[in-house]
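So you can see what is in the structure, the chains are spelled out below.
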There are 4 protein chains.
Amino acid sequence: MRKLDPVKHEEKRREILGAAERCFVRDGLQGASVSSICAEAGISPGHLYHYFSSKEAIISAMIEVRLAEAAARFAKLAEGADVLDTLFGEMTVSRSGPPLLLEALAEANRSPTMAKALQDHTKGVHSLLAELLEKGQAAGAIDPGLDRNITASLIISIIDGSKTLCLRDPKLDVKQATKALQTMIIRYLAPPPDPRTR
Amino acid sequence: MRKLDPVKHEEKRREILGAAERCFVRDGLQGASVSSICAEAGISPGHLYHYFSSKEAIISAMIEVRLAEAAARFAKLAEGADVLDTLFGEMTVSRSGPPLLLEALAEANRSPTMAKALQDHTKGVHSLLAELLEKGQAAGAIDPGLDRNITASLIISIIDGSKTLCLRDPKLDVKQATKALQTMIIRYLAPPPDPRTR
Amino acid sequence: MRKLDPVKHEEKRREILGAAERCFVRDGLQGASVSSICAEAGISPGHLYHYFSSKEAIISAMIEVRLAEAAARFAKLAEGADVLDTLFGEMTVSRSGPPLLLEALAEANRSPTMAKALQDHTKGVHSLLAELLEKGQAAGAIDPGLDRNITASLIISIIDGSKTLCLRDPKLDVKQATKALQTMIIRYLAPPPDPRTR
Amino acid sequence: MRKLDPVKHEEKRREILGAAERCFVRDGLQGASVSSICAEAGISPGHLYHYFSSKEAIISAMIEVRLAEAAARFAKLAEGADVLDTLFGEMTVSRSGPPLLLEALAEANRSPTMAKALQDHTKGVHSLLAELLEKGQAAGAIDPGLDRNITASLIISIIDGSKTLCLRDPKLDVKQATKALQTMIIRYLAPPPDPRTR
DNA sequence: GATGAATGAGGTTTCATTCAT
DNA sequence: CATGAATGAAACCTCATTCAT
């Protein structure tokens, strides 16, 4: 009876994280208050501290979850056959991207904790990407002259940048933009035309 | 009876903006407090409100200045002869980019004021870029099949994204990354090889 | 899990209102500061906002209480048999009247919220008074020629005015003044001498 | 050239007082800020302190002016022949009375300075009124049994109270109310019917 | 006479957090 | 597990006032 169910505990944690995320999206990482999170989660402030030791812990946990999700999504895509399809899965321009990514990037500029989390997560995605590129190069689908590590970093940064497209121009045609983005990637990665075949 | 120097007023405003920027970079837009700005500027809290009506007004003014600077820098580059040179001027990967850009982008997700400022500024840069591309196409240096508007947007977003490169991987070789970035742009913009010449 | 005592909550609210009232009497509605109220109530500033959402809410609640008390006092008096006795109960001139009435009246000139509260409360007292007057007229104790509504308003305003007597002349003989006030009311309300009885 | 014109000085003072009054009426004695007064008067804060040594001095001066005006108005009325006409001149119910009177009365509860000013001014009006009543009694127009001092105080308080009529009931018929007020005064002051004449 | 720069205390309110129950 | 009372520092901003020009 007084044994705490660790499953329920984790469930509640996730519930709170969901509420917190809504608040952070609405008000920013620094702008959202603990009490607003409590209100959104429907719990008392005292209770929240049973699950998280501080506001910062909530942010860390939430970012962790978000980054893990992104990595998982990417890993799943990577299982697919085609290299480019994988990339394009993450590279869709959309009007409402994950707003917390920008918050996290901004925060990483200042907070070493956030920077660490971001870099750790990046490493995972980066190596996955580098692997993909290697496969592509082996298969002749990708320019073998490209440095895999640099290219992987570049692709990640392009995905980051694509999140600002709609922010900067709300009237942007997302379909066209997505297509153009993919064209650019294709042209970059494509192996140079073999002079012998011409 | 004689009006006091409006020049001095503007000077002080700029001084305060400088102090504010240092604080915002250090602590974030929401994290920096008015009193910390006052301390950094060496003035009293009451006095700050002689020059700015609110913290938000400080942020707006500062962002305005920053965006104007960026636009001016870009316009100056655009005067140069070569299209690609112009682009590459802004596209250098560096370890300490303008940290406020990410803050502003994150804020634009929530604050309509910030979003408006960002979009207005983007418009200016965007049309400049589109013009450049047009010239390049006319000169045969750029693929005439590319939509100038979409491409301009894309290039801006890539510049945005390039600011995250070092955040995500502090050990990144910036020179190589810069070069790779430029390669990507070149391959994207290059006109397709003329079949007749082969 | 079990709800905490709402009775205690209400008690604390009342306690704070008491402290607030002392401060407002001492320093005026605008002159009293929230922190002085906190000090008087022996609580921290943050805690006060658990019970009242703003300083204005405190004022509203306090005025509400005061006006309700006044109305209740009046209603109780009205249960007594005699019409004039009832009136005179409220009409005693005293050296230390309810100082907040004047504050509230002054505030009502500017704040629609306060004006509304005052007018709502006045309505209650006014109808009670009009009823009383009607009874008196029916019983022949009051001049049937008087308009009950106007007379009720007039009486209320006279009670208001009586609060300034000692302010304007601190050496005033309150007993005599009270008597004179009552005389005036008597003469006003008295039915005209019946010519037939003379 | 460097002799200051005392006339101009006085003029400016009055101008500032006028602006101050508008502010005080709008925002209350404590609610109006010095800078709002400066804005209303179209002068700089530093300049205001050439004319008044403090905010309190402004309030004092303004109240002084207002009370003097009231006294003068009253004195002028008193020159007229009829006693009652004089009284009724001041006793009109109006929708927008001098709002500062209530502020001043409230303030007098707390500030000895204000209390003193109010009491001094009251003395003047009071003695004038007592004189008037005496004349009326001598002429047989007023009940000789009334104590002149008490009656004068009472009348003043009734005038005070009449300022709250429209505050408490904004829909009040001011004409009827004025008439009723006068009726009351008449009935109070009227000499008792002489039994011999009946 | 007149300006507006400058102050610093203090205004109301919100914050993250702790604790008794 | 869960509450909400309680804290006190700090948030943004306004205030009355002074001073150099």
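Residues numbered from 1 in each chain as written. Chains lettered and ligands numbered in written order. Predicted model: local features only at pLDDT ≥ 70, side-chain atom pairs only at ≥ 80, totals over all residues. Heavy atoms only, no water.

### Notes on the overall build of chain A
Spelled out, the test is: Going along the chain from the N terminus, every DSSP run of H or I of four or more residues is numbered as a helix, and every run of E of two or more is numbered as a strand. Residue contacts follow a heavy-atom distance rule, with two residues in contact if any of their heavy atoms lie within 4.5 Å. Working definition of accessibility: Shrake-Rupley area with a 1.4 Å probe, residue cover restricted to the visible protein chains. Neither His nor the chain termini are counted; the positive set is Lys and Arg, and the negative set is Asp and Glu. By convention, the point assigned to a charge is CZ for Arg, NZ for Lys, CD for Glu and CG for Asp.
Helix and strand content of chain A: ten helices and zero strands. N-terminal to C-terminal, the α/β element order of chain A is α-α-α-α-α-α-α-α-α-α. If you line up chain A on its principal axes, its C-alpha atoms span 75 × 40 × 30 Å. For chain A, the share of sequence-separated contacts (at least 6 apart) that also reach a separation of at least 24 residues comes to 68%. For chain A, the exposed surface amounts to about 10100 Å²; the carbon and sulfur share of it is 56%. Charge separation in chain A, taken as the distance between the mean sites of 26 positive and 25 negative side-chain charges, equals 3 Å.

### As for the protein's contact with DNA strand E
Under the convention used in this document: By convention in these notes, a residue is near a molecule or strand provided one of its non-hydrogen atoms lies within 4 Å of it. Contacts described as polar in this section are N or O atom pairs within 3.5 Å, which, within protein, must combine one atom able to donate a hydrogen with one able to accept it, while residues neighboring in sequence count only if both atoms come from side chains. Residues are grouped as follows: Ala, Val, Leu, Ile, Met, Phe, Trp, Tyr, Cys and Pro are nonpolar; Asp, Glu, Lys and Arg are charged; every other residue, Gly included, is polar.
As a structural note, the neighbourhood of DNA strand E is formed by 35 residues, with Val34(A), His47(B), Val34(C), Tyr49(C) and His47(D) the closest of them. Counting only the atoms of DNA strand E that lie within 4 Å of the protein, the sugar and phosphate share comes to 62%. At 3.4 Å from a base nitrogen of DNA strand E is found a side-chain nitrogen or oxygen belonging to His50(B). When grouped by side-chain class, the residues that make up the surface near DNA strand E number 14 nonpolar, 16 polar and five charged.

### Some remarks on the protein's contact with DNA strand F
Close to DNA strand F lie 34 residues, the nearest being His47(A), Val34(B), Tyr49(B), His47(C) and Val34(D). Within 4 Å of the protein, the atoms of DNA strand F are drawn from sugar and phosphate moieties in a proportion of 65%. Separating a phosphate oxygen of DNA strand F from a side-chain N or O atom of His9(C) is a distance of 3.4 Å. Note that a phosphate oxygen of DNA strand F is positioned 2.6 Å from one of the backbone N or O atoms of Val34(D). For the surface near DNA strand F, the secondary structure elements donating two or more residues are helix H3 (45-51) of chain A, helix H2 (34-41) and helix H3 (45-51) of chain B, helix H1 (6-27) and helix H3 (45-51) of chain C together with helix H3 (45-51) of chain D.

### Focus on the relation of the copies chain D and chain C
Put simply, the rule reads: Only residues with pLDDT of at least 70 in both copies contribute their C-alpha atoms to the least-squares superposition of the copies.
After a rotation of 180° and a shift along the axis of 0.0 Å, chain D superposes on chain C with an RMSD of 0.2 Å. Both copies of the chain, as the preceding transformation shows, are related through a two-fold rotation axis. For chain D, the residue whose C-alpha comes nearest the rotation axis is Gly161(D), separated from it by 1.8 Å. An overlap of 100% is found between the interface residues of chain D and their copies at the interface of chain C, pointing to a shared contact surface.

### Notes on the interface of chain D and chain C
Short version of the rule: The quantity reported as buried area is the accessible area (1.4 Å probe) lost by two parts once they are put together, taken as the sum for both. Salt bridge, as applied in this entry: a Lys or Arg side-chain nitrogen positioned within 4 Å of an Asp or Glu carboxyl oxygen.
With 51 residues of chain D in contact, the opposing surface of chain C contributes 51 residues. Summed over both partners, the interface of chain D with chain C buries about 4200 Å², with 62% contributed by carbon and sulfur atoms. When the area that chain D buries against chain C is broken down by residue, the three leading residues are Leu167(D), Arg168(D) and Arg187(D), summing to 19%. The interface formed by chain D and chain C holds six salt bridges in total.

### Quick notes on the domain arrangement of chain A
All names here are of chain A. Basically, it comes down to this: Domain start and stop positions are those given by an automatic or database domain assignment.
Each domain of chain A was delimited in the assignment, giving domain 1 (1-52) and domain 2 (63-197). Here the C-alpha centroids of domain 1 and domain 2 sit 31 Å apart. Listed by partner, the interface residues are seven residues for domain 1 and nine residues for domain 2. Buried surface at the junction of domain 1 and domain 2, summed over both partners, amounts to about 600 Å²; 66% is from carbon and sulfur atoms. Interface area lost by domain 1 to domain 2 is led by Glu21, Val25 and Leu29, which between them contribute 67%. Taken together, the links from domain 1 to domain 2 amount to one salt bridge. The salt bridge partner of glutamate 21 is arginine 66, with a shortest N-O separation of 2.4 Å. Linking domain 1 with domain 2 are one residue pair in polar contact (both at pLDDT 80 or more), by the criterion used here. Of the residues belonging to the side of domain 1 that touches domain 2, the class tally is four nonpolar, two polar and one charged.

### A word on the pattern of salt bridges
Close approach of charged atoms allows side chains with opposite charge to pair. Definition in use: With a 1.4 Å probe rolled over the protein chains alone, any residue whose accessible area is under 20% of its type maximum counts as buried; one over 50% counts as exposed, and the rest are partly exposed.
Using the criterion set out here, one finds 52 salt bridges over all chains in the structure. Put simply, Glu134(B) and Arg148(B) hold a salt bridge, and the shortest N to O gap is 4.0 Å. With a gap of 14 residues between them, Glu134(B) in helix H7 (residues 112-138) and Arg148(B) in helix H8 (residues 148-162) connect regions that are remote in the sequence. Of the residues examined, Arg148(B) reaches a relative accessible area of 34% and is grouped as partly exposed. Within the structure, one salt-bridge network assembled from shared partners comprises Arg22(A), Arg26(A), Asp27(A) and Glu40(A).

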